[in-house]
There are 2 protein chains.
Amino acid sequence: MHRSRSRADDDVRMRGFAKRHTVAQALAWLDMQVHTLAAEAAPLRNAAGRVLAASAASEVDVPGFDRATMDGYAVAAASTEGATPYTPLPLTVVGESMPGREFQGAVSLGEAVRIMTGAPMPEGADAVLPAEFAGIESDPRRITALAAVSPEKNLGKRGEDIARGTVLLDAGRVLRPQDLGVLSSIGVSKVEVVRRPRVRLAITGNELLPAGTPPHGARIADANGPMLEALIDRDGGVADFPGLIPDDREAILAALQSEADVVVVSGGSSVGIEDLAPMLVAQHGELAVHGIAMRPSSPTGLGRMGDCLVFLLPGNPVSSLCAYDFFAGRAIRALGGRGKQWPYRSVRGRLSRKLSSPIGRLDYARVKIADGSVDPLAVGGASVLSSTTRADGFMIVPDDSEGFPAGAEVEVWLYDAHA
Amino acid sequence: MHRSRSRADDDVRMRGFAKRHTVAQALAWLDMQVHTLAAEAAPLRNAAGRVLAASAASEVDVPGFDRATMDGYAVAAASTEGATPYTPLPLTVVGESMPGREFQGAVSLGEAVRIMTGAPMPEGADAVLPAEFAGIESDPRRITALAAVSPEKNLGKRGEDIARGTVLLDAGRVLRPQDLGVLSSIGVSKVEVVRRPRVRLAITGNELLPAGTPPHGARIADANGPMLEALIDRDGGVADFPGLIPDDREAILAALQSEADVVVVSGGSSVGIEDLAPMLVAQHGELAVHGIAMRPSSPTGLGRMGDCLVFLLPGNPVSSLCAYDFFAGRAIRALGGRGKQWPYRSVRGRLSRKLSSPIGRLDYARVKIADGSVDPLAVGGASVLSSTTRADGFMIVPDDSEGFPAGAEVEVWLYDAHA
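Residue positions are given per chain, counted from 1 along the sequence in the order it is written. As they are written, the chains are lettered A onward and the ligands numbered 1 onward, keeping that order. Only residues with pLDDT of at least 70 are given local features in this predicted model, and only at 80 or more are side-chain atom pairs given and counted; all residues enter the totals for whole chains, interfaces and linings.

J.: Would you mind showing me how to read the overall build of chain A here?
T.: Only runs of H or I of at least four residues qualify as helices and only runs of E of at least two qualify as strands under DSSP, and these elements are numbered from the N terminus. Secondary structure assignment for chain A yields eight helices and 28 strands. Here the globule rule reads 2.2 Å times residues to the power 0.38, and the radius of gyration is calculated from C-alpha atoms. The C-alpha atoms of chain A give a radius of gyration of 32 Å, which is well past the 22 Å a tight globule of 419 residues would have. By its C-alpha atoms, chain A is 105 × 50 × 40 Å across when sized along the principal axes. In chain A, which comprises 419 residues, the proportion classed as buried is 53%. Here the contact rule is simple: place C-beta atoms from the backbone, and any two residues whose C-beta atoms are within 7 Å are in contact. A fraction of 70% describes how many contacts in chain A between residues 6 or more apart in sequence connect residues 24 or more apart. Here a residue counts as buried when 20 or more other C-beta atoms fall within 10 Å of its C-beta, as exposed when 12 or fewer do, and as partly exposed in between; the C-beta atoms come from the backbone.

Put into structure tokens, the structure is as follows:
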């Protein structure tokens, strides 16, 4: 379809962007667009890492009964008053209380109920005499107390873990494994969590072969599809990636008009004659940002198609990674109720050599880090994806900076969660 | 079955462990048992976060051809020698090269091929004249060079991303999203990764109701099952959790004899009369460690049933979490080819108050942390799981320490990956 435009138009378009937005301007627009998605019910067993949509309060006491915290004998504490190894006090064993099999009856003065850790305290008992302070008699129905226990000793009170009405977890919480345990213990089997954003992944390019195909001739295998799918999953989105899309107006428009919360388009994001996606978004939706003062990822576009956020990422894989992390990932995390900040750990270190960058452009520099020394990789272009596998992480030179001298302390974002 | 033992035996057992192992002894035994599991092939698209079983080298150059890194005109650099805006040099446009649609032919001196970023360089061309340095003529088959370009300018050489034979990723690598991109680009569609350990989760206790059931009477809902399932998943294991197991010798033995790489038993791990699992492991396998000098989790057991590692975790949920993290999680990570270290980020801070602990016992203390101040939670027993949801993380008092004074700098392990 681009052939219907005049060659002069094309040449104008090839000259570059009329005006580049700053990264701050692009983020300001983006942050205005995102809102947390609605809640959905998720089974408790699949809820780790999900974001709680509403605070969780308990309608029950946990435990719902007083319970032993040691193995021994449930007694009225008064029955043991004055007991020592030299003045043992006799007790009659009237039964036992096991976890899940409580003693049916009451304990009177001078009586004891054999009890296991976690088992309910019988009526009339207000302390547990630990097994090691119980003397054994020849009559199995009798023991002696060899020590005194005070009231409420060695027992946990009803509601000691969770008192009815307590707010346990606040909305927005990313659920920990132990949160599932706590929710389970108050009788929650389904959790109200923020819906995961649906992300349509549209990988375009006539030169592309499906991921993992051996490259041949002038065709290369798609690197961005599997990378972006994994990034979307990391950020809590659900990627919909049905396959490669040719550089064809109708095919790209169909992907842009999907039912997703977010469309991520890879490739054809610049102002060249085959860059269809920006024109389509401008025609059928809103192309709010196109061209950003950063390197790599300068040919990045942000926009909307109706309620759907659209990200136009450059096809060069390093640009794609960088633009995803700056813009698309941030939106996916925010839609899913997560923090906007990068899901990378940062460390500080000292630059091994000078790193220059022009004022007015933000730079994303891949670095190695060892023993606190930060070494920027000497890499070519945005197409060298292997630079991001050789690197330990990246650092940012802000657009108001000319760079850093050797020895400057800088912040490095680590690609690996645990190094 | 425990009723067949004598009451005197039971009382001995109730008195506690004959001898406790130190945490270091338990870990030393454990680390001798674990080896990395064998490899399996995983589809590239599901391989993020998996552990590479063998190093990955490339059998191809990426790209497999020289390509343009700017939009413009592929030329022999010599054709532009001496060109300036005041001395434009004429060039004849003989075709175009697009990504995936290369120019069929060669470029001679004085000729140009319109080219897009990423497209293959035609034969005879050794530089790209950027579009902004090309003057437009009335004849669409003609342009002028307004600047000179030197050889190899604005192009990426064959193999610039990945040269054939390069080892890209080492064995043991936890695959990043961009690693999938790189593997895809060298034609890898299935990756050899370390098999995920199969972990049979055996949650025992007659007092338990299935997870998420409202508690009633003396029965409580299983908190450990969903928590341990999520922890096993976090550590790269595949949990097999078919449901609760009664305190019954045959049922527990059947779980211990499963086909898994690891069995994690929760509950009944102590020396009480209903603690069947330790006896069964001792009878049918090897109970190498039983009773560890730590708090909580002292009634923890480590052993083997044939080739299968067995972890006996206390039923108290905080003990269960702590013992899982110290022992079972470590083994699951190691079997799966991951690091033995905790998958928690640590930060340093200053204790807000004194924290005491007896010499000879390691303590796991839940803490809140704010503005660098570390505040140990005043919590009761190991049964208060909500303490681990209120806490930001935990700190360790080693067994050779009496604790720390107020103001001491300590290391805190954060429960949340990103705070």
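J.: Explanation requested: the sheet that holds strand β7 (residues 127-130) of chain A in the structure shown.
T.: Pairing between the strands of a sheet is mediated by backbone hydrogen bonds and can be parallel or antiparallel. Residue and element names in this part refer to chain A. Read across the sheet, six strands follow the order β7-β4-β6-β5-β9-β8 without closing on themselves; strand pairing throughout is mixed. Here the strands that pair on one side only, and so sit at the sheet edges, are β7 and β8 (134-136). Mean inter-strand twist for the sheet, computed between neighbouring axes without regard to direction, equals 45°. With five bridges joining them, strand β5 (residues 89-97) and strand β6 (residues 111-115) adopt parallel strand pairing. Counterpart to valine 93 in the pairing with β6 is alanine 112. Strands are labelled as partners when DSSP assigns at least two bridges between them. Axis lines are fitted through C-alpha atoms, for helices just across the contact stretch, and the angle between N-to-C directions can take any value from 0 to 180 degrees.

J.: Would you mind showing me how to read the pairing of strand β24 (residues 362-370) of chain A here?
T.: Across a regular strand the side chains alternate sides, sitting on one face of the sheet and then on the other. Residue and element names in this part refer to chain A. Burial analysis of β24 places seven of its nine residues in the buried class, which makes it a mostly covered element. Here strand β19 (residues 294-295) pairs with β24 via two bridges, running parallel. Looking at β24, one finds that arginine 295 is bridged to aspartate 363. Note that β24 and strand β26 (residues 393-397) share five bridges and pair antiparallel. The residue of β26 that forms the bridge with aspartate 363 is valine 397. Across four bridges, the pairing between β24 and strand β25 (residues 373-376) is antiparallel. Along β25, the bridge assignment pairs alanine 370 with serine 373. Linkage of β24 to β25, two consecutive antiparallel strands, is achieved through a turn of two residues, within which aspartate 371 is found at a positive phi near 50°.

J.: Hey, could you run me through the domain arrangement of chain A in this one?
T.: Accessible area lost on assembly of the parts is the figure often given for the size of an interface. Split by domain assignment, chain A resolves into domain 1 (2-37 + 196-335), domain 2 (39-62 + 165-194), domain 3 (67-156) and domain 4 (345-414). Annotation comment: domain bounds sourced from an automatic or database domain assignment. For domain 2 of chain A and domain 3 of chain A, the distance between their C-alpha centres works out to 37 Å.

J.: Quick question: what am I supposed to make of helix α5 (residues 249-256) of chain B here?
T.: Structurally, the α-helix is built with 3.6 residues per turn, so residues lying three or four positions apart point the same way. All names here are of chain B. Taken residue by residue, α5 has Ile252, Ala255 and Leu256 as its buried positions. All buried residues of α5 project into a common sector of 100° when viewed along the axis, lining one side. α5 presents Glu250 and Ala254 as exposed residues on the side facing more than 90 degrees away from its buried surface. Looking at the buried positions of α5, the neighbouring elements they touch are β13 (198-203), β17 (262-266), α6 (276-284), β20 (301-305) and β21 (308-313). To obtain the arc, one takes the directions from the helix axis to the C-beta atoms.

J.: Could you clarify how one ought to interpret the relation of the copies chain B and chain A in this entry?
T.: Applying a rotation about an axis and a shift along it to one chain copy brings it onto the other copy. When the copies are superposed, the least-squares fit draws on C-alpha atoms of residues that have pLDDT of at least 70 in both. When chain B is fitted onto chain A, the two copies agree to an RMSD of 0.0 Å after a turn of 180° and an axial shift of 0.0 Å. Taken together, the rotation angle and the small translation identify this as a two-fold axis. When the interface residues of chain B are mapped onto chain A, 100% of them are again interface residues, pointing to one common binding face.

J.: Even after reading the chapter, I still don't get the interface of chain B and chain A, so can you show me in this structure?
T.: Contact residues are listed per partner, giving 89 residues for chain B and 90 residues for chain A. Of the residues contributing to the side of chain B that touches chain A, the split by class is 41 nonpolar, 27 polar and 21 charged. Charged residues are taken to be Asp, Glu, Lys and Arg, nonpolar residues to be Ala, Val, Leu, Ile, Met, Phe, Trp, Tyr, Cys and Pro, and polar residues to be all remaining types, Gly included.

J.: Looking at this structure, how should I read the sheet that holds strand β5 (residues 89-97) of chain B?
T.: Residues and elements named next belong to chain B. Reading across from one edge, β7-β4-β6-β5-β9-β8 is the order of the six strands in this open sheet, with mixed pairing throughout. On the outer flanks of this sheet lie β7 (127-130) and β8 (134-136), each paired with one strand and no other. Across the sheet, the mean angle from the axis of one strand to that of its neighbour is 45°, orientation sign disregarded. In terms of strand pairing, strand β4 (residues 72-75) meets strand β6 (residues 111-115) through three bridges, oriented antiparallel. Within β6, the position partnered with tyrosine 73 by the bridge is arginine 114.

J.: Teacher, can you tell me more about unusual backbone geometry here?
T.: Negative phi characterises most residues that are not glycine, and trans characterises most peptide bonds. In this structure, proline 63 of chain A follows valine 62 of chain A across a cis peptide bond, with omega equal to -5°. Within the secondary structure, proline 63 of chain A is located in the loop between β2 (56-57) and β3 (67-68). Going from arginine 295 of chain A to proline 296 of chain A, the amide bond is cis rather than trans, its omega being 0°. Along the chain, proline 296 of chain A falls in the loop between β19 and β20 (301-305). Despite not being glycine, glutamate 152 of chain B shows a phi value in the positive range, around 75°. Within the fold, glutamate 152 of chain B resides in the loop between β9 (142-145) and β10 (155-156). Taking the C-beta count within 10 Å as the criterion, glutamate 152 of chain B has 13 such neighbours and is therefore assigned partly exposed. A positive phi angle is found at serine 297 of chain B, which is not glycine, with a value near 85°. When you line up the elements, serine 297 of chain B lands in the loop between β19 (294-295) and β20.

J.: Just to check I follow, could you spell out the environment of asparagine 224 of chain A for this structure?
T.: Positionally, asparagine 224 of chain A belongs in helix α4 (residues 224-234). Its 32 C-beta neighbours within 10 Å are what place asparagine 224 of chain A among the buried residues. In sequence terms asparagine 224 of chain A and valine 318 of chain A are 94 residues apart; their C-alpha atoms lie 9.1 Å from each other. The residues contacting asparagine 224 of chain A, other than those within four sequence positions of it, are Ile203, Ser266, Gly315, Pro317 and Ser320 of chain A together with Gly181 of chain B.

J.: Help me understand the environment of leucine 302 of chain A, please; the structure alone is not making it clear to me.
T.: Residues and elements named next belong to chain A. Following the sequence through the fold, leucine 302 ends up in strand β20. Owing to 25 C-beta atoms within 10 Å, leucine 302 belongs among the buried residues under this scheme. The spatial distance from the C-alpha of leucine 302 to the C-alpha of phenylalanine 404 is 30 Å, given a sequence separation of 102 residues.

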